[in-house]
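If you want the building blocks of each chain, they are given just below.
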Amino acid sequence: MMPTPSPPTRPRSHRRGPAPARAAAVLLLALSAPVWSPPATAATTATVPVASPATSPATPAVTSPGGLPVAAPVAAPAAAAPAAGGPAADGTGAGAGGTVLGAAEDRAATSVADVALPVAVGGAVGLLAGYGYVRRTRRTRTRTPATGTDTGGAAEAASTDTARGGGALTRLRSRAARGDVPVPELEGRAGAALAAADDCVRTSREELGFAEARFGAAAVQDFARAVRAAETEVAAVFALLHDAGEPSGDGSAPGPGRVAVLHEVLERCRAVGQRLDAEAEDFDRLRSLEDGTGVPEALTVAEQRFRALTGRVGACEANLAAIGARYAPSAVMTVSGQVELAKERLVFATSRLNRSRQTGDLGDPVTAAMHLRAAEGAISQVAALVNGVDRLAAELAEADEAVPDAFAAAVSRVGKDPLAALRAEVDDGACDPLDVLRRVVRTATTAVPLPEAEPPGEEDALFPAAVLVARCSAAAAEDYVAAHRGAVGVRARVRLAEAHRLLARAVQERAPEDARDADGLARQARRLAEEDVRAYRDAFGPRGGGVGGAVLGGVLLGGGADGGPPGSFGGPGTRARRGAAVTPREADPGPITP
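Note that residues are indexed from 1 along each chain, following the sequence as it is written. Reporting in this predicted model follows two pLDDT cut-offs: at least 70 for local features of residues, and 80 or more for side-chain atom pairs to be given and counted; totals over whole chains, interfaces and linings ignore these cut-offs and use all residues. Values reported for side chains reflect all heavy atoms of the structure, with hydrogen atoms and water molecules removed beforehand.

Attention shifts here to the nonpolar core. Throughout this description, the term nonpolar core refers to a set of buried Ala, Val, Leu, Ile, Met, Phe, Trp, Tyr and Cys residues connected via side-chain atoms within 4.5 Å. Exposed residues in this analysis have more than 50% of their type's maximum accessible area, buried residues have under 20%, and partly exposed residues fall in between, with area computed by a 1.4 Å probe over protein chains only. Among the nonpolar cores identified, the biggest contains 93 residues, and I323, L353, I379, F407, L434, L437 and V440 are the most heavily contacted of them. It is helix 11 (residues 365-414) that provides the largest number of residues to this core, a total of 21 residues. Once residues lying within four places of it in the same chain are set aside, the contact partners of F407 are L419, L422, R423, V426, V436 and V440. Residues V220, A224, V265 and V494 belong to the second largest nonpolar core, which totals 29 residues. In this description a helix means any DSSP run of H or I spanning at least four residues, a strand means any run of E spanning at least two, and both kinds are numbered starting from the N terminus. In what follows, residue pairs with any heavy atoms lying within 4.5 Å of each other are defined as contacts.

Moving on, we get to the environment of A447. Positionally, A447 belongs in the loop between helix 13 (433-446) and helix 14 (462-483). Judged by its relative accessible area of 27%, A447 falls in the partly exposed class. Here the alpha-carbon distance between A447 and A410, two residues 37 residues apart in the chain, equals 9.9 Å.

For F463, the location among the structural elements is in helix 14. When its relative accessible area of 10% is taken as the criterion, F463 is described as buried. A sequence separation of 49 residues divides F463 from P512, and the C-alpha atoms of the two residues are 5.0 Å apart. Those residues in contact with F463 that sit more than four places away from it in its chain are A506, V507, R510, A511 and P512.

The salt bridge criterion pairs a side-chain nitrogen of Lys or Arg with a carboxyl oxygen of Asp or Glu, the two atoms within 4 Å. Taken as a whole, this structure holds 40 salt bridges when the rule is applied. Measuring nitrogen to oxygen at the nearest pair gives 3.6 Å for the salt bridge that ties D400 to R326. Here R326 lies in helix 9 (residues 295-326) and D400 lies in helix 11, a separation of 74 residues in the sequence. With a closest N to O distance of 3.0 Å, E376 and R373 form a salt bridge. Placement of both E376 and R373 in helix 11 is noted, with a separation of three residues, approximately one turn of the helix.

The geometry of helix 7 (residues 221-243) relative to helix 8 (residues 256-287) is characterised by a closest axis approach of 10 Å and an angle of 165 degrees between their N-to-C directions. Overall, the two elements helix 7 and helix 8 adopt an arrangement that is roughly antiparallel. Where helix 7 crosses over helix 8, the two elements pack in a sense that is left-handed. For this scheme, ten residues count as nonpolar: Ala, Val, Leu, Ile, Met, Phe, Trp, Tyr, Cys and Pro. Four count as charged, namely Asp, Glu, Lys and Arg, and the remainder, Gly too, count as polar. By residue class, the composition of the contact of helix 7 with helix 8 is 18 nonpolar, no polar and eight charged. In this description, a line fitted to the C-alpha atoms serves as the axis of each element, helices being fitted only across the stretch in contact, and the angle between N-to-C directions of two axes falls anywhere from 0 to 180 degrees. Under this scheme an angle from 65 to 115 degrees is roughly perpendicular, one under 35 degrees roughly parallel, and one over 145 degrees roughly antiparallel; angles in between are oblique. It is the rotation of the near helix from the far one that decides the hand of a crossing: anticlockwise by less than a right angle makes it left-handed, clockwise makes it right-handed.

This paragraph deals with the confidence of the model for the protein. Close inspection of predicted coordinates is inappropriate for parts of the model with low pLDDT. Per residue, pLDDT captures the predictor's confidence, and it can take any value from 0 to 100. Per-chain confidence: the protein averages 77 in pLDDT, with 65% of residues scoring 70 or above. Low pLDDT, under 50, characterises residues 139-170; the predicted model gives this stretch 38 contacts beyond four residues in sequence or across chains. Counted against residues more than four places away or in other chains, residues 580-594, with its pLDDT under 50, gives 34 contacts.

Each Phe, Tyr or Trp ring, with Trp reduced to its six-membered ring, pairs with another whose centre is within 6.5 Å; inter-plane angles below 30 degrees give stacked pairs, above 60 give edge-to-face pairs, and intermediate values give tilted ones. Using the criterion set out here, one finds three aromatic pairs in the structure. Between the aromatic rings of F223 and F283, the centroid separation amounts to 5.3 Å while the plane-to-plane angle is 85 degrees, which identifies the pairing as edge-to-face. Residue F223 is found in helix 7, and its partner F283 is found in helix 8; the two are separated by 60 residues along the sequence. Pair check on accessibility: F223 and F283 agree, each one buried. Of the residues examined, F283 reaches a relative accessible area of 0% and is grouped as buried. A network of ring pairs unites the aromatic residues F223, F283 and F569 as a single cluster.

Okay, structure coming up:
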């Protein structure tokens, strides 16, 4: 969703100074009024001759207009005034000279107060005015008066981050911090980014296999290292999102911890994409498809794999019919439809291989590379689908042999009663041995053990049975997600990644409980993936010609009537670099087997 642009900043009319400055000015006037009073008359400030107490009446108190007491002028004979500073006539020092000296001291003290108080008040006023100015300046630089949208430092930071390729994420985080982005939208963006990163890793790994078959492992070791690093990081992000838990379904706002996790998911997915994008140019230089020199050899590798898989599809169909007749129908449910899906991908690969060869012969290596890459993606999925059926046949045979030992180990741990009903089902006839092992392991790890039961040892049959069941469920879910990744969302992928993590820990620590939990998560992942695929088909429907299936499987990235560009080695910024434009001289030669 495009961010809503902020309305233009409206010109602001002239406004008075900040409120703190105005208040400081008023305070200054109020405090300085009694200090800076108008001067009194000359008689009040000049040296005043004072009459003798015997001849002069009491001096009345006189105040100046400023409210300060001053000496009142008194008329006295000039002859009665002694010399300034001289002693009084009575020898007590209370004469005119003493009176004048005391008045001078009072005026000196008043003068110091008159200067110190305004200076202190002025300093306070300056501090208040400076604070108000700085505060108002900062608010003006970072907010517009109409909307409060970032216009200063935030915009500059966003433009800098955009130059680094992360402007959208920076704007999203800024909006989320202000509460503008709803958390469900943030959840959707984080999930989409993680699913896209997972798809980039899967596609890069597939194309890397074709390059390795052409040039050898030593030539592609740097690219293989980058893919492994990206795969490890994506697995870590899946674990991070799984540990954060599911979003609340009651509409309550999530805590700051989950919001921080979503931001971290976005950041780390972007880093994964950038790592793969950085390798795309060198990888294309190695394959040399667009310049035409590498297309013939790459076509030879793809056609060889195509022919080998064409023969295997027929054998796979016969194998599936055999295991369906031997075991219960539920035993083959995880691979039902995979043979038909493999045939559909073969038809699509046939068409694209022929288009690639034709356009290459016509001197259009760019379009030839585009069709070749689409064919390679389809061939990789055919191989995974066929391998899944063959693997299931081997796993069912292994589980069938493990059932008696698993039953014995479970009985020694929890007794016969919890397993009586399951034992009767097995004795009745054909069953699903993997499901039987699953139920045996679940009963043995959840029921109350017997008091005399011994701790499981190295020869305990429950642990290998639990690992076998979990490995089968995880592999089946993996094949389904890979063949339908164009529609599978992040919820199924998170559970599948967690199933792989628990399975690895179970093997390392010999923990059947972890294997049991891994099996449950893998089955949940498969169920959620199937729901996503049904929703996708309800929304878009089939397209025909294998194009719809190729988009559903992530072979083509969508975006046009022809399915859009094929996925290629690289991150989100480069994986669609082989465009879907068809040259005017190109024609579809039809499904001719190469």
